[in-house]
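# Structural description and commentary
Residue strings, one per chain:
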Amino acid sequence: MKDVYILAIESSCDETSVSIVKNGTEDIATTINSQIDIHKKYGGVVPEIASRTHLENITIVIDETLKKSKMKIENIDAFACTYGPGLLGSLLIGLESAKTLSFIYNKPFIKVNHMMGHIYAANIGNKLEYPLIALVISGGHTDLILMKSENEFQYIGQTLDDAIGECYDKVARILKLPYPGGPNIERLAKSGNSTYKMPSILNDSSYNFSFSGIKSYINNLVHNEEQRGNKINKNNLASSFQETVTKLLVNKAKSAIINFKVKNLIVVGGVASNSYIREKLSEMSKEIDITMYVPDKKYCTDNATMIGAAAYVLYKDKKFSELSTNAKSLETLGG
Ligand code: KG4
Ligand code: ZN
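Residues numbered from 1 in each chain as written. Chains lettered and ligands numbered in written order. Predicted model: local features only at pLDDT ≥ 70, side-chain atom pairs only at ≥ 80, totals over all residues. Heavy atoms only, no water.

## Focus: the coordination of the zinc ion (ligand 2)
Rules: Nitrogen, oxygen and sulfur within 2.8 Å of a metal are treated as its donors, or within 3.2 Å for sodium, potassium and calcium (Na, K, Ca); water is not counted, so a site can appear incomplete. Here a site with four donors is tetrahedral if all angles are between 85 and 135 degrees, and a site with four or six donors is square planar or octahedral if opposite donors are over 155 degrees apart and the other angles are between 65 and 115; anything else gets the irregular label. Counting from the N terminus, the helices are DSSP H or I runs at least four residues long and the strands are E runs at least two residues long. Relative accessibility thresholds used throughout: buried, under 20% of the residue-type maximum; exposed, over 50%; partly exposed, between the two (1.4 Å probe, protein chains only).
The coordination sphere of the zinc ion (ligand 2) contains the protein donors His-114 (NE2), His-118 (NE2) and Asp-302 (OD), at a distance range of 2.0 to 2.1 Å. Considering all 4 donor atoms around the zinc ion (ligand 2), the spread of angles at the metal, 96 to 126 degrees, places the coordination shape in the tetrahedral class. Mapped onto the polypeptide sequence, the residues donating to the zinc ion (ligand 2) form the spacing pattern H-x3-H-x183-D. In this pair, His-118 is assigned in helix α4 (residues 114–120) and Asp-302 in the loop between β10 (291–293) and α10 (305–316), connecting sequence segments 184 residues apart. Classification of Asp-302 as buried rests on a relative accessible area of 16%.

This is the structure:
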(Lines give C-alpha, C1' and ligand atoms only; values in the text may rest on other atoms or scores of the structure.)
(Ligands and ions follow the chains in the order given, each with its own letter.)
Protein backbone atom coordinates (compact mmCIF):
# COMPACT_ATOMS: atom_id res chain seq x y z
CA MET A 1 0.00 0.00 0.00
CA LYS A 2 1.24 3.47 -0.80
CA ASP A 3 2.03 5.88 2.02
CA VAL A 4 -1.09 7.27 3.64
CA TYR A 5 -1.24 10.77 5.07
CA ILE A 6 -4.15 11.56 7.38
CA LEU A 7 -4.98 15.03 8.67
CA ALA A 8 -6.60 14.53 12.07
CA ILE A 9 -8.41 16.93 14.37
CA GLU A 10 -9.00 16.61 18.13
CA SER A 11 -11.27 19.12 19.91
CA SER A 12 -13.21 17.04 22.44
CA CYS A 13 -12.28 19.10 25.51
CA ASP A 14 -9.94 22.06 25.96
CA GLU A 15 -7.22 21.37 23.40
CA THR A 16 -7.53 22.36 19.75
CA SER A 17 -5.13 20.00 18.04
CA VAL A 18 -4.37 19.13 14.43
CA SER A 19 -1.86 16.58 13.22
CA ILE A 20 -0.70 15.04 9.97
CA VAL A 21 0.15 11.38 10.51
CA LYS A 22 1.91 9.09 8.01
CA ASN A 23 0.86 5.43 7.93
CA GLY A 24 -0.68 5.68 11.40
CA THR A 25 2.64 5.74 13.16
CA GLU A 26 4.73 8.71 12.06
CA ASP A 27 3.99 12.20 13.39
CA ILE A 28 4.74 14.52 10.45
CA ALA A 29 3.51 17.73 12.09
CA THR A 30 1.33 18.50 15.09
CA THR A 31 -0.06 21.64 16.69
CA ILE A 32 -1.77 21.72 20.07
CA ASN A 33 -3.44 24.90 21.20
CA SER A 34 -4.19 24.43 24.89
CA GLN A 35 -6.89 26.46 26.62
CA ILE A 36 -5.59 25.71 30.11
CA ASP A 37 -4.76 29.35 30.85
CA ILE A 38 -8.27 30.43 29.88
CA HIS A 39 -10.06 27.83 32.05
CA LYS A 40 -7.62 28.01 34.97
CA LYS A 41 -9.35 30.96 36.57
CA TYR A 42 -12.64 29.01 36.71
CA GLY A 43 -10.97 25.94 38.28
CA GLY A 44 -12.09 23.69 35.42
CA VAL A 45 -13.23 23.62 31.80
CA VAL A 46 -16.19 25.90 30.98
CA PRO A 47 -17.89 24.18 27.99
CA GLU A 48 -19.29 27.33 26.36
CA ILE A 49 -15.92 29.10 26.49
CA ALA A 50 -14.17 25.94 25.23
CA SER A 51 -16.30 25.65 22.09
CA ARG A 52 -16.00 29.38 21.34
CA THR A 53 -12.21 29.18 21.68
CA HIS A 54 -12.04 26.10 19.41
CA LEU A 55 -13.99 28.06 16.81
CA GLU A 56 -11.57 30.99 17.02
CA ASN A 57 -8.53 28.70 16.72
CA ILE A 58 -9.38 25.83 14.42
CA THR A 59 -8.46 27.33 11.03
CA ILE A 60 -5.27 28.85 12.48
CA VAL A 61 -4.22 25.46 13.92
CA ILE A 62 -4.98 23.66 10.62
CA ASP A 63 -2.95 26.23 8.63
CA GLU A 64 -0.05 26.12 11.08
CA THR A 65 0.12 22.30 10.94
CA LEU A 66 0.08 22.23 7.13
CA LYS A 67 2.80 24.87 7.07
CA LYS A 68 5.00 22.85 9.47
CA SER A 69 4.45 19.66 7.44
CA LYS A 70 5.44 21.42 4.19
CA MET A 71 2.65 19.41 2.56
CA LYS A 72 -0.09 20.57 0.23
CA ILE A 73 -3.58 19.86 1.51
CA GLU A 74 -4.35 18.19 -1.87
CA ASN A 75 -1.87 15.44 -0.92
CA ILE A 76 -3.77 14.48 2.23
CA ASP A 77 -5.45 11.07 1.76
CA ALA A 78 -8.17 11.36 4.41
CA PHE A 79 -9.53 13.73 7.04
CA ALA A 80 -10.24 12.38 10.52
CA CYS A 81 -11.74 13.76 13.68
CA THR A 82 -12.85 12.84 17.19
CA TYR A 83 -16.67 12.57 17.20
CA GLY A 84 -17.07 11.49 20.85
CA PRO A 85 -17.02 11.14 23.79
CA GLY A 86 -16.46 14.72 24.90
CA LEU A 87 -18.08 18.13 25.21
CA LEU A 88 -20.71 18.43 22.50
CA GLY A 89 -20.03 22.04 21.51
CA SER A 90 -16.27 21.42 21.39
CA LEU A 91 -16.59 18.19 19.40
CA LEU A 92 -18.78 19.91 16.81
CA ILE A 93 -16.11 22.46 15.88
CA GLY A 94 -13.52 19.81 14.96
CA LEU A 95 -16.10 17.52 13.39
CA GLU A 96 -17.62 20.13 11.08
CA SER A 97 -14.11 21.27 10.05
CA ALA A 98 -12.98 17.74 9.15
CA LYS A 99 -16.19 16.99 7.26
CA THR A 100 -15.94 20.27 5.32
CA LEU A 101 -12.32 19.53 4.30
CA SER A 102 -13.32 16.03 3.23
CA PHE A 103 -16.13 17.46 1.09
CA ILE A 104 -14.01 20.19 -0.50
CA TYR A 105 -11.02 17.95 -1.32
CA ASN A 106 -13.13 14.88 -2.10
CA LYS A 107 -11.22 12.58 0.25
CA PRO A 108 -12.63 10.10 2.80
CA PHE A 109 -13.83 11.30 6.17
CA ILE A 110 -13.08 9.08 9.20
CA LYS A 111 -14.79 9.50 12.57
CA VAL A 112 -12.66 8.39 15.51
CA ASN A 113 -13.68 7.49 19.04
CA HIS A 114 -11.55 9.54 21.45
CA MET A 115 -10.67 6.46 23.55
CA MET A 116 -9.59 4.57 20.44
CA GLY A 117 -7.30 7.54 19.84
CA HIS A 118 -5.79 7.24 23.32
CA ILE A 119 -5.18 3.52 22.73
CA TYR A 120 -3.54 3.97 19.33
CA ALA A 121 -1.26 6.65 20.76
CA ALA A 122 0.71 3.53 21.70
CA ASN A 123 1.25 2.86 17.99
CA ILE A 124 3.06 6.14 17.34
CA GLY A 125 6.68 5.25 16.65
CA ASN A 126 5.94 1.76 17.94
CA LYS A 127 4.25 -1.44 16.81
CA LEU A 128 1.51 -2.90 18.97
CA GLU A 129 1.69 -6.64 19.62
CA TYR A 130 -1.54 -8.54 20.31
CA PRO A 131 -3.12 -9.82 22.47
CA LEU A 132 -2.67 -6.96 24.89
CA ILE A 133 -4.26 -5.36 27.91
CA ALA A 134 -4.83 -1.60 27.65
CA LEU A 135 -4.98 0.37 30.87
CA VAL A 136 -6.75 3.57 29.88
CA ILE A 137 -6.37 6.28 32.52
CA SER A 138 -7.69 9.75 31.72
CA GLY A 139 -9.91 12.55 32.97
CA GLY A 140 -13.05 10.62 32.05
CA HIS A 141 -11.97 6.98 32.02
CA THR A 142 -10.29 4.25 34.04
CA ASP A 143 -10.66 1.14 31.92
CA LEU A 144 -9.00 -2.22 31.49
CA ILE A 145 -9.55 -3.40 27.93
CA LEU A 146 -8.52 -6.71 26.39
CA MET A 147 -7.51 -6.44 22.74
CA LYS A 148 -7.09 -9.87 21.15
CA SER A 149 -6.38 -8.23 17.80
CA GLU A 150 -6.39 -4.87 16.10
CA ASN A 151 -9.59 -2.84 16.48
CA GLU A 152 -11.17 -5.40 18.83
CA PHE A 153 -12.02 -4.05 22.26
CA GLN A 154 -13.34 -6.09 25.17
CA TYR A 155 -13.98 -4.13 28.35
CA ILE A 156 -12.94 -6.17 31.37
CA GLY A 157 -12.95 -3.48 34.03
CA GLN A 158 -14.08 0.09 34.52
CA THR A 159 -14.44 2.65 37.26
CA LEU A 160 -17.61 2.34 39.28
CA ASP A 161 -17.64 6.06 40.05
CA ASP A 162 -15.02 8.79 39.37
CA ALA A 163 -12.26 8.41 36.78
CA ILE A 164 -8.70 8.53 38.11
CA GLY A 165 -7.87 11.85 36.39
CA GLU A 166 -11.07 13.35 37.73
CA CYS A 167 -10.02 12.18 41.21
CA TYR A 168 -6.56 13.76 40.83
CA ASP A 169 -8.28 17.01 39.78
CA LYS A 170 -10.72 16.92 42.72
CA VAL A 171 -8.03 16.19 45.30
CA ALA A 172 -6.00 19.06 43.80
CA ARG A 173 -9.00 21.33 44.21
CA ILE A 174 -9.36 20.27 47.88
CA LEU A 175 -5.69 21.17 48.34
CA LYS A 176 -6.33 24.50 46.55
CA LEU A 177 -3.95 23.66 43.69
CA PRO A 178 -4.56 25.13 40.24
CA TYR A 179 -6.26 23.34 37.34
CA PRO A 180 -5.37 20.86 35.91
CA GLY A 181 -4.75 19.05 39.16
CA GLY A 182 -2.95 15.91 37.99
CA PRO A 183 0.47 17.40 37.19
CA ASN A 184 0.32 19.58 40.34
CA ILE A 185 -0.39 16.62 42.62
CA GLU A 186 2.50 14.76 40.96
CA ARG A 187 4.82 17.72 41.52
CA LEU A 188 3.91 18.00 45.24
CA ALA A 189 4.10 14.24 45.79
CA LYS A 190 7.67 14.17 44.46
CA SER A 191 8.98 15.90 47.56
CA GLY A 192 6.57 14.27 50.00
CA ASN A 193 6.39 11.06 52.00
CA SER A 194 3.47 8.72 52.32
CA THR A 195 2.71 9.54 55.96
CA TYR A 196 -1.09 9.86 55.86
CA LYS A 197 -3.08 6.70 56.38
CA MET A 198 -5.43 6.21 53.39
CA PRO A 199 -8.54 4.01 53.15
CA SER A 200 -8.11 0.75 51.28
CA ILE A 201 -9.93 0.99 47.96
CA LEU A 202 -11.73 -1.82 46.14
CA ASN A 203 -8.95 -4.35 46.46
CA ASP A 204 -11.27 -7.16 45.37
CA SER A 205 -10.92 -9.78 42.65
CA SER A 206 -12.80 -7.77 40.01
CA TYR A 207 -11.05 -5.57 37.44
CA ASN A 208 -13.15 -2.57 38.40
CA PHE A 209 -11.93 0.60 40.04
CA SER A 210 -13.40 3.06 42.53
CA PHE A 211 -12.00 6.45 43.44
CA SER A 212 -14.85 8.35 45.07
CA GLY A 213 -14.10 6.88 48.54
CA ILE A 214 -10.54 8.18 48.70
CA LYS A 215 -11.65 11.57 47.38
CA SER A 216 -14.32 11.91 50.12
CA TYR A 217 -11.86 10.66 52.73
CA ILE A 218 -9.32 13.36 51.77
CA ASN A 219 -12.03 16.00 51.66
CA ASN A 220 -13.12 15.12 55.23
CA LEU A 221 -9.55 14.86 56.47
CA VAL A 222 -8.60 18.32 55.18
CA HIS A 223 -11.85 19.84 56.45
CA ASN A 224 -11.41 18.33 59.95
CA GLU A 225 -7.76 19.37 60.22
CA GLU A 226 -8.63 22.92 59.13
CA GLN A 227 -11.39 23.11 61.74
CA ARG A 228 -8.95 22.01 64.43
CA GLY A 229 -6.52 24.67 63.24
CA ASN A 230 -3.97 22.04 62.15
CA LYS A 231 -1.85 22.54 59.07
CA ILE A 232 -1.98 19.94 56.29
CA ASN A 233 1.32 18.79 54.85
CA LYS A 234 0.25 18.97 51.20
CA ASN A 235 3.33 17.18 49.91
CA ASN A 236 2.79 14.22 52.20
CA LEU A 237 -0.93 14.09 51.52
CA ALA A 238 -0.34 14.21 47.74
CA SER A 239 2.23 11.45 48.10
CA SER A 240 -0.07 9.27 50.24
CA PHE A 241 -2.91 9.72 47.75
CA GLN A 242 -0.76 8.99 44.73
CA GLU A 243 0.77 5.88 46.29
CA THR A 244 -2.66 4.46 47.17
CA VAL A 245 -4.27 4.98 43.75
CA THR A 246 -1.16 3.74 41.95
CA LYS A 247 -1.19 0.52 43.99
CA LEU A 248 -4.76 -0.05 42.88
CA LEU A 249 -3.83 0.46 39.21
CA VAL A 250 -0.83 -1.86 39.52
CA ASN A 251 -2.77 -4.62 41.32
CA LYS A 252 -5.72 -4.60 38.93
CA ALA A 253 -3.56 -4.42 35.80
CA LYS A 254 -1.36 -7.23 37.12
CA SER A 255 -4.24 -9.60 37.85
CA ALA A 256 -5.82 -8.86 34.43
CA ILE A 257 -2.53 -9.63 32.66
CA ILE A 258 -2.05 -12.88 34.59
CA ASN A 259 -5.64 -14.10 34.31
CA PHE A 260 -6.02 -13.30 30.60
CA LYS A 261 -2.53 -14.70 29.93
CA VAL A 262 -1.29 -11.79 27.85
CA LYS A 263 2.29 -10.67 27.43
CA ASN A 264 1.71 -7.04 26.48
CA LEU A 265 0.46 -4.07 28.45
CA ILE A 266 -0.10 -0.56 27.16
CA VAL A 267 -0.84 2.36 29.47
CA VAL A 268 -2.52 5.34 27.81
CA GLY A 269 -4.49 8.53 28.53
CA GLY A 270 -3.60 11.80 30.24
CA VAL A 271 -2.79 10.21 33.62
CA ALA A 272 -0.26 7.91 31.89
CA SER A 273 2.00 10.97 31.66
CA ASN A 274 2.54 10.64 35.44
CA SER A 275 6.13 9.51 36.05
CA TYR A 276 5.42 7.76 39.36
CA ILE A 277 2.58 5.69 37.84
CA ARG A 278 4.78 4.85 34.82
CA GLU A 279 7.59 3.74 37.11
CA LYS A 280 5.43 1.50 39.33
CA LEU A 281 3.70 -0.17 36.37
CA SER A 282 7.07 -0.69 34.75
CA GLU A 283 8.44 -2.37 37.91
CA MET A 284 5.42 -4.70 37.97
CA SER A 285 5.85 -5.53 34.26
CA LYS A 286 9.49 -6.48 34.83
CA GLU A 287 8.54 -8.59 37.85
CA ILE A 288 6.06 -10.71 35.85
CA ASP A 289 8.15 -10.56 32.68
CA ILE A 290 5.76 -8.88 30.27
CA THR A 291 6.33 -6.02 27.84
CA MET A 292 4.88 -2.66 28.81
CA TYR A 293 4.60 0.25 26.42
CA VAL A 294 3.62 3.77 27.45
CA PRO A 295 3.51 6.49 24.77
CA ASP A 296 5.75 9.50 24.94
CA LYS A 297 4.22 11.96 27.45
CA LYS A 298 3.11 14.37 24.73
CA TYR A 299 0.95 11.62 23.22
CA CYS A 300 -0.69 10.73 26.56
CA THR A 301 -2.65 13.93 27.10
CA ASP A 302 -5.15 14.96 24.42
CA ASN A 303 -3.57 15.43 20.99
CA ALA A 304 -4.56 14.91 17.35
CA THR A 305 -1.65 12.59 16.49
CA MET A 306 -3.37 9.77 18.38
CA ILE A 307 -6.56 10.44 16.38
CA GLY A 308 -4.56 10.13 13.14
CA ALA A 309 -2.98 6.89 14.42
CA ALA A 310 -6.41 5.39 15.17
CA ALA A 311 -7.89 6.72 11.91
CA TYR A 312 -5.25 4.78 9.95
CA VAL A 313 -6.52 1.48 11.45
CA LEU A 314 -9.99 2.36 10.12
CA TYR A 315 -8.58 3.63 6.79
CA LYS A 316 -6.89 0.27 6.13
CA ASP A 317 -10.30 -1.43 6.45
CA LYS A 318 -11.99 1.32 4.41
CA LYS A 319 -14.16 2.13 7.42
CA PHE A 320 -15.06 5.58 6.19
CA SER A 321 -17.83 7.68 7.71
CA GLU A 322 -20.78 9.62 6.34
CA LEU A 323 -20.68 13.39 6.16
CA SER A 324 -23.92 13.31 8.14
CA THR A 325 -21.97 11.97 11.18
CA ASN A 326 -22.96 13.73 14.36
CA ALA A 327 -21.00 14.37 17.56
CA LYS A 328 -21.78 12.15 20.56
CA SER A 329 -21.00 13.34 24.06
CA LEU A 330 -21.28 9.83 25.53
CA GLU A 331 -19.85 7.06 23.43
CA THR A 332 -18.20 3.75 24.17
CA LEU A 333 -15.58 2.02 22.06
CA GLY A 334 -17.06 0.17 19.12
CA GLY A 335 -20.22 2.34 19.34
O1 KG4 B 1 -6.51 12.18 28.41
P2 KG4 B 1 -6.68 13.55 28.92
O3 KG4 B 1 -5.78 14.62 28.39
O4 KG4 B 1 -8.15 14.04 28.68
C5 KG4 B 1 -9.25 13.18 28.78
O6 KG4 B 1 -9.55 12.48 27.78
O7 KG4 B 1 -9.81 13.12 29.89
O8 KG4 B 1 -6.57 13.46 30.50
C9 KG4 B 1 -6.70 14.58 31.31
C10 KG4 B 1 -6.53 14.13 32.75
C11 KG4 B 1 -6.79 15.26 33.75
O12 KG4 B 1 -7.62 14.76 34.76
C13 KG4 B 1 -5.39 15.58 34.27
O14 KG4 B 1 -5.39 16.07 35.59
C15 KG4 B 1 -4.73 14.22 34.18
O16 KG4 B 1 -5.18 13.68 32.97
N17 KG4 B 1 -3.27 14.31 34.17
C18 KG4 B 1 -2.47 13.80 35.13
C19 KG4 B 1 -1.16 14.16 34.80
N20 KG4 B 1 -1.18 14.87 33.63
C21 KG4 B 1 -2.50 14.95 33.26
N22 KG4 B 1 -2.78 13.09 36.23
C23 KG4 B 1 -1.76 12.71 37.02
N24 KG4 B 1 -0.46 13.04 36.78
C25 KG4 B 1 -0.12 13.75 35.69
N26 KG4 B 1 1.16 14.06 35.46
ZN1 ZN C 1 -8.45 12.31 26.35
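## Describing a nonpolar patch on the surface
Stated formally: Every patch collects residues that have over 30% relative accessible area and no salt bridge, joining them within 9 Å if they carry like charges and within 5 Å if they are nonpolar side chains (Val, Leu, Ile, Met, Phe, Trp, Tyr). The Shrake-Rupley method, run with a 1.4 Å probe sphere, supplies the accessible areas, and residue values consider only the shown protein chains as cover. Counted as salt bridges are all cases of a side-chain nitrogen of Lys or Arg within 4 Å of a carboxyl oxygen of Asp or Glu.
On the surface, Phe-103, Ile-104 and Leu-323 cluster together to form a nonpolar patch covering roughly 330 Å² of accessible area. Its place among the elements puts Leu-323 in the segment after α10.

## Focus: the sheet that holds strand β6 (residues 132–137)
The strands making up a sheet associate through backbone hydrogen bonding, with each pair oriented either parallel or antiparallel. Rules: Each pair of strands is called paired provided DSSP finds at least two bridges between the two strands. Each axis is a line fitted through C-alpha atoms, and for a helix only the stretch in contact is used; angles between axes span 0 to 180 degrees, taken between their N-to-C directions. We call two residues in contact whenever any of their non-hydrogen atoms come within 4.5 Å of each other.
Here we have 5 strands laid out as an open sheet, ordered β8-β7-β6-β9-β10, and mixed in their pairing. If you trace the sheet from one side to the other, it starts and ends with β8 (154–157) and β10, each paired once. Strand-to-strand twist of the sheet, defined as the mean angle between neighbouring strand axes without regard to direction, takes the value 25 degrees. Where β6 meets strand β7 (residues 142–147), 6 bridges bridge the pair, whose relative direction is antiparallel. Paired with Leu-135 across the strands is Leu-144, a residue of β7. Its contacts with the sheet place helix α8 (residues 234–259) against β6, β7, β8 and β9 (264–268), and it is angled at close to 160 degrees to β6.

## Observations concerning the sheet that holds strand β3 (residues 26–34)
Spatially, the 5 strands line up as an open sheet ordered β3-β2-β1-β4-β5, and their pairing is mixed. The sheet is open, and its two borders are formed by β3 and β5 (109–113), each paired with just one other strand. Between one strand and the next, the sheet's axes are offset by a mean angle of 20 degrees, whatever the strand orientation. Of the pairings in the sheet, the one linking strand β4 (residues 78–84) to β5 comprises 5 bridges and is parallel in character. Each bridged residue has a counterpart across the sheet, and for Cys-81 the counterpart in β5 is Lys-111. Across the sheet, helix α3 (residues 88–105) lies against β1 (5–10), β4 and β5, angled at about 155 degrees from β4, the strand it touches most.

## Examining the site of ligand 1
The line we're drawing: When we say a residue is near a molecule or strand, we mean one of its heavy atoms is within 4 Å of it. Definition of a polar contact: a pair of N or O atoms within 3.5 Å, with one able to donate and the other able to accept a hydrogen when the atoms are protein atoms, and with sequence-neighbouring residues admitted only if both atoms are side-chain atoms.
Around ligand 1 there are 19 residues in total, and His-118, Gly-139, Asp-169, Glu-186 and Gly-270 lie nearest to it. The separation between an oxygen atom of ligand 1 and a polar main-chain atom of Gly-139 is 2.8 Å. Taking Gly-270, its main chain carries an N or O atom lying 2.9 Å from an oxygen atom of ligand 1. If ligand 1 stood free it would expose 550 Å²; the protein chains cover 87% of that surface. Of all the elements in the fold, those that place two or more residues in the shell around ligand 1 are α4, α5 (164–174) and α6 (181–190).

## Details of unusual backbone geometry
A cis amide bond, omega -5 degrees, links Gly-84 with the succeeding residue Pro-85. For the bond from Tyr-130 to Pro-131, the omega torsion is -5 degrees, close enough to zero to count as cis. The backbone phi angle of Asn-106 is positive, close to 55 degrees, even though this residue is not glycine. You can see Asn-106 is positioned in the loop between α3 and β5.

## A few points about the pairing of β7
Taking burial as the measure, the 6 residues of β7 include 6 buried ones, the bulk of the element. Following β6, the chain reverses through 4 residues before pairing antiparallel with β7. Where β7 hands over to β8, the hairpin turn is made up of 6 residues, of which Asn-151 adopts a positive phi near 60 degrees.

## Overview of the packing of α6 against α8
If you want to describe how two helices pack, look at the angle between their axes and the distance between the axes. Selection criterion: By the definition adopted for this analysis, an angle is roughly parallel if under 35 degrees, roughly antiparallel if over 145, roughly perpendicular if from 65 to 115, and oblique otherwise. Side-chain classes are defined by residue name, with Ala, Val, Leu, Ile, Met, Phe, Trp, Tyr, Cys and Pro counting as nonpolar, Asp, Glu, Lys and Arg as charged, and the others, Gly among them, as polar.
Where α6 meets α8, the axes come as close as 7 Å, and the angle between the chain directions of the two elements is 110 degrees. Comparing their axes, α8 and α6 come out roughly perpendicular. Residues Ile-185, Glu-186, Leu-188 and Ala-189 of α6 pack against Lys-234, Asn-235, Ala-238, Ser-239, Phe-241 and Gln-242 of α8. Considering only residue class, the contact of α6 with α8 consists of 5 nonpolar, 3 polar and 2 charged.

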